[in-house]
Amino acid sequence: MSAIIPLSAQLINLCASVILLLAFAMLAQRRVMQLINLFALQGLVLCLSTLIVAVTTGQHHLYYSAGLTLALKAILLPWILHRLVRKLYVKWDVESLVNVPTTMLVGVVLVMIAFNVAQPISLLSQTVSRGTLGIALAVVMLAFVMMITRTKAIPQVVGFLAMENGLFLAATSATYGMPMVVELGIALDVLVGVIILGVFFFQIRDQFDSLDISHMEKLKDG
Amino acid sequence: MAELDIFVAMLAIPLVSGALLTVIGERKWAPNLNVIASGCTFFAAALLTADIITNGPRFAMGEQFFIDSMNVFFVTLTAFVGMTTSIFSGPYMKNEHEHGRLTVARLRLYKSMFQLFMFTMLVALTTNNMGILWVAMEAATLTTVLLVSLYRTPASLEAAWKYFILCGVGIAQALFGTILLYFAAERVLGETGNALLWTHLVEVRGELDPSIMVLSFIFLLVGYGTKVGLAPLHNWLPDAHAEGPTPVSAVLSGLLLNVALYAVLRSKVLADGAIGGDFAGNLMMGFGLLTLLMAAFFLGRQKDIKRMFAYSSIEHMGLITFAFGMGGAVANFAGLLHMTMHSLTKSAIFFAVGHATQKSGTQLMADIRGLVRINPVIGWGLMLGTLAILGMPPFGVFASEFMILTHAMKYHPWATPILLLALGVAFAQIFGKVQPMVFGETHAKRLPHAPAITPVFLHLAIVLMLGLWIPPYLTRWFQEAARMLG
């Protein structure tokens, strides 16, 4: 690494690190409401980092991406999730997470793996934000761990959305964002997905009287 | 311009009729509208195919859509199975309604989602943009999640949740693969909107950075492979097939798996050009064999008839993935043929199974007995379908399996015992379970609505015909597609 890193790159790296920290915080968060707030915060930082990339590089479509991220991930989706939680009366839903320290350790190992995988590709990249590709992959992996370890429906969905955040970070850090039509399509899918899941939550609650996925272990082979 | 209109019509019909079916709700003629719309889609697809055969590959809507000999073949197949499924689902869904398993609102949801599902499948097949391909695949998952949970039973909700989460995770990996692909392409094609267009990518595939493409292909294969039902991420498939309504099982098995595999094939062409050698092929052969073996041994443990045939779909997808992994004109030809055969046969089986389970009032194989006595047509339909899917001559599945096996013996002899073992185990398991269901004592009752038998035998007749004689233009078409796959 050269001694002089431009300020913009430093800011982008800072944002990426905050996103990674938030991913760890989400992994350890027991309360559903707090979890959604963390997710909203992650979306906000993601928007900020996209904005910084846009300003530094003058890529116009990144402004739209940043706007889309702000509208969808920092405002609309958290709002929908908040409403769902309130309507479903799961505010008190505190999960008993098993072994937070172990999960954290697994997370740290995954971050190291992610950095190693991303290293050769980051070197090929010309973008100011290339250093963040490893972080993006790590965020995806941490979200994946979150989906595996959670037993409640809403935290699993938040994990799914956090994974999408990581992918978006990868897209902006490695390539200055995907073509606009693809980004719009992805945003539409995510939005429709959350709405469908909202419908789905009510169905689950009506059938199981709970949003605990661990009740759903009837389907087995043999 | 006329051809363009056909293409636009083909995409517009399912989209518009899906919206229409949502708005008008469940009327007496809604099932007919569903059939008519699917029929028109198939008609448009057939016209489009005729056009491609005579005039060669073409673009539509600028360069956003691209139809060549490979995807037009999937388009026709998709539209055809979509049409026959809509015919089958008419009386089937009415019976479910009379049995009190479905409300009027859910019948409406089923029809509109079915049309939207067809729309997303057709977009995924014809798009030229690897990013839009991803978007359409994800949209296809979303349209089917609510269909899998249509019965709202605890088991169906569990299946739908599993389906959404597993496929969501899988498809997220495919998105990462797509991002990496774009990253590799951007370095060659520059930062234009064209860098994800397949026709542009395929021209410069030799210049794409190999180290990025290795990683990209792994993510794409695992991601789309989840939707194909490749082990070890196949768990969603048997649940979704068993718990959803039977027409949904038929289109999931017959169409969705094919389209996901199509996405893998498109990625493989790019990866082969960039990486060189057999990297992508070997990876696919490995996953294919693992899937085939796993499915063959899980088949015997199933008690639910739809679960068993879902595992059979996984088995065949493993075999097809293996065939494409071997590569070369012959193996690709066999793979494409087997995809066609599997689609037609498996959807025919699900149609027969749907009526059989309705008659018996259960999906448990131990309780389904003597189908030939209550309804000989359904009984024989199931029996013939089973024989066809197990690869008995003279059905078409035999021809494609025979080609795959002989090709494997010649070029990859080590794989032959594994293939034979898996196919043998599958044969013994499935035949041993279907035989007592078809023949044997029974006391089941008649159904209020006569079942639609035509789709079952129409499919089986085509499979039989293709086993005996493949029309020359179809052969040419397969060969051209196989050559494109490299």
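Caption draft 1: Region of interest: the overall build of chain B. In terms of regular secondary structure, chain B is built from 19 helices and 2 strands. For a compact globule of 486 residues, the expected C-alpha radius of gyration is about 23 Å, and chain B comes in at 21 Å, within 12% of that figure. Over its C-alpha atoms, taken along the principal directions, chain B stretches across nearly 65 × 55 × 45 Å. In chain B, 81% of the contacts between residues at least 6 apart in sequence involve partners at least 24 apart. Distance between charge centroids for chain B: 12 Å, based on 29 positive and 25 negative side chains.

Caption draft 2: Region of the structure containing the overall build of chain A. In terms of helices and strands, chain A carries 7 helices and 0 strands. Secondary structure elements of chain A occur, N-terminal to C-terminal, as α-α-α-α-α-α-α. Looking at chain A as a whole, 58% of its 222 residues qualify as buried. Once local pairs closer than 6 in sequence are excluded, the contacts in chain A between residues at least 24 apart make up 76%. Total accessible area on chain A is roughly 9600 Å²; 68% of this is exposed by carbon and sulfur atoms.

Caption draft 3: A look at a nonpolar patch on the surface. Residue and element names in this part refer to chain A. Residues Leu7, Leu11, Leu14 and Val18 make up a contiguous nonpolar surface patch of roughly 350 Å² in combined accessible area. Within the element layout of this structure, Leu11 appears in helix H1 (residues 7-28). Of the residues examined, Leu11 reaches a relative accessible area of 35% and is grouped as partly exposed.

Caption draft 4: Expanded view of the pattern of salt bridges. Counting across every chain of the model gives 8 salt bridges over all chains. Across the pair Lys73(A) and Glu164(A) runs a salt bridge, and its minimum N-O distance is 3.0 Å. Note that Lys73(A) is positioned in helix H3 (residues 60-88) and Glu164(A) in helix H6 (residues 153-175), a separation of 91 residues in sequence. With a relative accessible area of 5%, Lys73(A) lands in the buried category. Look at the salt bridges and you will find they share partners, linking Lys162(B), Asp239(B) and Arg307(B) into a network.

Caption draft 5: A look at the interface of chain B and chain A. Across the contact, 51 residues belong to chain B and 47 residues belong to chain A. Each partner contributes to the roughly 4300 Å² buried at the junction of chain B and chain A, and carbon and sulfur atoms together form 75% of this total. Sorting the residues of chain B by area buried against chain A places Glu158(B), Trp161(B) and Phe183(B) first, and these three jointly supply 17% of that buried surface. Along the contact surface separating chain B from chain A lie 0 salt bridges. Taken together, the links from chain B to chain A amount to 3 residue pairs in polar contact (both at pLDDT 80 or more). Mapped by element, the contributors of at least two residues to the side of chain B that touches chain A are helix H5 (130-148), helix H6 (154-189), helix H8 (210-228), helix H9 (236-243) and helix H12 (305-326) of chain B. Top element by residues in the side of chain B that touches chain A is H6(B). It accounts for 22 residues. In terms of residue class, the side of chain B that touches chain A is made up of 29 nonpolar, 9 polar and 13 charged.

Caption draft 6: Examining the packing of helix H10 (residues 246-275) of chain B against H12(B) more closely. Residues and elements named next belong to chain B. For the pair H10 and H12, interaxial distance at closest approach is 11 Å and the crossing angle is 15°. Judged by the inter-axis angle, H10 sits roughly parallel to H12. For the pair H10 and H12, the sense of crossing is right-handed. Taking contact as the criterion, the partners of Thr246, Ser249, Ser253, Leu257, Asn258, Leu261, Leu265 and Lys268 in H10 are, on H12, Lys306, Ser313, Met317, Ile320, Thr321 and Phe324. Classifying every residue of the contact of H10 with H12 by side-chain character gives 6 nonpolar, 6 polar and 2 charged.

Caption draft 7: Representation of the packing of aromatic side chains. Residue and element names in this part refer to chain B. Scanning all chains against the criterion turns up 20 aromatic pairs over all chains. Between Phe333 and Phe478, the aromatic rings sit 5.6 Å apart at their centres with planes inclined by 75°, giving edge-to-face as the arrangement. Placement of Phe333 in helix H13 (residues 328-360) and of Phe478 in helix H19 (residues 472-484) is noted, with a sequence separation of 145 residues between them. Phe478 carries the same exposure label as Phe333, and that label is buried. Through successive ring pairs, a cluster of aromatic residues spans Phe73, Phe74, Tyr262, Phe333, Trp477 and Phe478. Positioned above the aromatic ring of Tyr151 is the side chain of Arg101, whose terminal nitrogen or guanidinium carbon lies 4.0 Å from the ring centre. Directly above the ring of Trp198 sits Arg266, whose terminal nitrogen or CZ lies 4.2 Å from the centroid.

Caption draft 8: Summary view of the confidence of the model for chain B. Averaged over every residue, the pLDDT of chain B is 89; the share at 70 or more is 98%. If you check the scores for this complex, the pTM reads 0.92 and the ipTM reads 0.89.

Caption draft 9: Structural view of the side chain of Thr340(B). All names here are of chain B. For Thr340, the location among the structural elements is in helix H13. The class for Thr340 is buried, based on a relative accessible area of 8%. Within polar-contact distance, the side chain of Thr340 engages the backbone oxygen of Leu336 at 2.8 Å. Aside from chain neighbours lying at most four places away, what touches Thr340 is Phe73, Leu77 and Phe478.

Caption draft 10: Here's a closer look at the confidence of the model for chain A. Taken residue by residue, chain A gives an average pLDDT of 83. The fraction at 70 or more is 89%. Put simply, helix H7 (residues 180-208) of chain A is where chain A has its lowest mean pLDDT, 84, and helix H2 (residues 32-57) of chain A is where it has its highest, 91.

Caption draft 11: A look at the side chain of Thr78(B). Residue and element names in this part refer to chain B. With respect to the helices and strands, the residue Thr78 is situated in helix H3 (residues 69-98). Under the relative-accessibility criterion, Thr78 is labelled buried at 3%. A polar contact of 2.7 Å, which involves the side chain of Thr78, links it to the backbone oxygen of Phe74. Setting aside its immediate chain neighbours within four residues, Thr78 contacts Met118, Met121, Leu122, Leu125 and Leu255.

Caption draft 12: Spatial organisation of unusual backbone geometry. Residue and element names in this part refer to chain B. Cis rather than trans, the peptide bond between Ala231 and Pro232 has omega equal to 0°. Take Pro232: it is sitting in the loop between H8 and H9. Backbone torsion omega between Pro393 and Pro394 reads 5°, so that peptide bond is classified as cis. Among the secondary structure elements, Pro394 is positioned in the loop between helix H15 (376-389) and helix H16 (396-411). You will see that Arg152, though not glycine, has its phi angle at about 55°, which is positive.

Caption draft 13: Structural context of helix H18 (residues 454-468) of chain B. Residue and element names in this part refer to chain B. Between its first and last C-alpha atoms H18 spans 21 Å; for 15 residues at 1.5 Å apiece the expected length is 21 Å, and the two agree. When we look at burial in H18, the residues that qualify are Pro455, Val456, His459, Leu460, Val463 and Leu466. The buried residues of H18 occupy one face: seen down the axis, they fall within an arc of 125°. Of the residues in H18, the exposed ones pointing more than 90 degrees away from the buried face are Thr454 and Leu468. Residues of H18 that are buried sit in contact with H3, H13, H15, H16 and H19.

Conventions adopted
- Residues numbered from 1 in each chain as written.
- Chains lettered and ligands numbered in written order.
- Predicted model: local features only at pLDDT ≥ 70, side-chain atom pairs only at ≥ 80, totals over all residues.
- Heavy atoms only, no water.
- Helix = DSSP H or I, 4+ residues; strand = E, 2+ residues; numbered from the N terminus.
- Rg over C-alpha atoms; globule rule 2.2 N^0.38 Å.
- Contact = heavy atoms within 4.5 Å.
- Lys, Arg positive; Asp, Glu negative; His and termini not counted.
- Charge placed at Lys NZ, Arg CZ, Asp CG, Glu CD.
- Buried < 20%, exposed > 50% of the residue type's maximum accessible area, 1.4 Å probe, protein only.
- Areas by Shrake-Rupley, 256 points an atom, 1.4 Å probe, with all protein chains shown as cover.
- Patch = residues over 30% accessible without salt bridge, like charges linked within 9 Å, V, L, I, M, F, W, Y side chains within 5 Å.
- Salt bridge = Lys/Arg side-chain N within 4 Å of Asp/Glu carboxyl O.
- Buried area = accessible area lost by both parts, 1.4 Å probe.
- Polar contact = N/O pair within 3.5 Å; in protein donor to acceptor, adjacent residues only side chain to side chain.
- Nonpolar A, V, L, I, M, F, W, Y, C, P; charged D, E, K, R; others polar.
- Axes fitted to C-alpha atoms, helices over the stretch in contact; angles between N-to-C directions.
- Parallel < 35°, antiparallel > 145°, perpendicular 65-115°, else oblique.
- Left-handed = near helix turned anticlockwise from the far one by under 90°.
- Phe/Tyr/Trp six-rings, centres within 6.5 Å; stacked < 30°, edge-to-face > 60°.
- Lys NZ or Arg CZ within 6 Å of the ring centre and 35° of its normal.
- pLDDT = per-residue confidence, 0-100.
- Expected span 1.5 Å × (residues − 1).
- Arc of directions from axis to C-beta.

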